[in-house]
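Fold and geometry: a report
So the chains spell out like this:
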Amino acid sequence: MIQQPLTPGAASGQDKVVGASLLTFSTVVFVYYTLWAIVMPFVDETYFLHAYFPPREYAIRIPCVLLVFGLTVVLTFLSMIMIKSKKKVEKKSA
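Residues numbered from 1 in each chain as written. Predicted model: local features only at pLDDT ≥ 70, side-chain atom pairs only at ≥ 80, totals over all residues. Heavy atoms only, no water.

**Concerning the overall build of the protein**
Within the protein one finds two helices and zero strands. Over its C-alpha trace the protein gives a radius of gyration of 23 Å, far above what one expects of a compact globule, namely 12 Å for 94 residues. Counting only C-alpha atoms, the protein reaches 70 × 50 × 15 Å along its principal axes. Out of the 94 residues belonging to the protein, those deemed buried represent 5%. Carbon and sulfur atoms form 73% of the exposed surface of the protein, whose accessible area is close to 8700 Å². Across the protein, 9 positive and 5 negative side-chain charges occur, with their mean positions spaced 23 Å apart. (Helix = DSSP H or I, 4+ residues; strand = E, 2+ residues; numbered from the N terminus. Rg over C-alpha atoms; globule rule 2.2 N^0.38 Å. Buried < 20%, exposed > 50% of the residue type's maximum accessible area, 1.4 Å probe, protein only. Areas by Shrake-Rupley, 256 points an atom, 1.4 Å probe, with all protein chains shown as cover. Lys, Arg positive; Asp, Glu negative; His and termini not counted. Charge placed at Lys NZ, Arg CZ, Asp CG, Glu CD.)

**Observations concerning the environment of Leu-75**
With respect to the secondary-structure elements, Leu-75 resides in helix 2 (residues 58–93). Take Leu-75: its relative accessible area is 54%, and that puts it in the exposed class. Sequence spacing of Leu-75 and Gly-13 is 62 residues, and the spatial spacing of their C-alpha atoms is 34 Å.

**Details of the pattern of salt bridges**
In total, this model carries one salt bridge according to the counting rule given. Note that Glu-45 and Arg-56 form a salt bridge whose closest N and O atoms lie 2.8 Å from each other. Pair noted here: Glu-45 is in the loop between helix 1 (13–39) and helix 2 and Arg-56 is in the loop between helix 1 and helix 2, with a separation of 11 residues, a long-range link. Residue classification places Arg-56 among the partly exposed positions, given a relative accessible area of 38%. (Salt bridge = Lys/Arg side-chain N within 4 Å of Asp/Glu carboxyl O.)

**Describing the side chain of His-50**
Tracing the backbone through its elements, the reader meets His-50 in the loop between helix 1 and helix 2. A polar side-chain atom of His-50 sits 3.2 Å from the main-chain carbonyl oxygen of Val-43. (Polar contact = N/O pair within 3.5 Å; in protein donor to acceptor, adjacent residues only side chain to side chain.)

**A short note on the UniProt feature "transmembrane region" (unreviewed entry) in the protein**
Cross-referencing UniProt, the feature "transmembrane region" (unreviewed entry) maps to residues 20–39 and 59–83 in the present numbering. Regarding residues 20–39, the helix share stands at 100% and the strand share at 0%, and the terminal C-alpha atoms are separated by 27 Å. Taken end to end, residues 59–83 is 100% helix and 0% strand, and its first and last C-alpha atoms sit 37 Å apart. (UniProt positions renumbered as here; feature names shortened; annotations may be inferred.)

**Description of the packing of helix 1 against helix 2**
Where helix 1 meets helix 2, the axes come as close as 10 Å, and the angle between the chain directions of the two elements is 135°. With respect to each other, helix 1 and helix 2 are oriented oblique. Only Tyr-58, Ala-59, Ile-62 and Pro-63 of helix 2 make contact with helix 1, whose side of the interface consists of Tyr-33, Trp-36 and Ala-37. Grouping the amino acids of the contact of helix 1 with helix 2 by side-chain chemistry returns seven nonpolar, no polar and no charged. (Axes fitted to C-alpha atoms, helices over the stretch in contact; angles between N-to-C directions. Parallel < 35°, antiparallel > 145°, perpendicular 65-115°, else oblique. Contact = heavy atoms within 4.5 Å. Nonpolar A, V, L, I, M, F, W, Y, C, P; charged D, E, K, R; others polar.)

Below, the structure written as structure tokens:
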């Protein structure tokens, strides 16, 4: 079976499935977080929906921890690239 070459920018079936699942996941997380952080503070504490959400203080803590972790990963990656780049320049000049 001969496989046709993909044109640049064309998405395969697997790419579409992965993209659709990521879009669905991010939409569910966005709706859940929006309900948790913005809507639930105005709902009575005895209402049954409060059982499906963690305490409100985590609505701030979790994004802060994720932000610090993400920045740490990105800055570590950039620093490693800069160190490797400097070593290559030093090798060429030596």
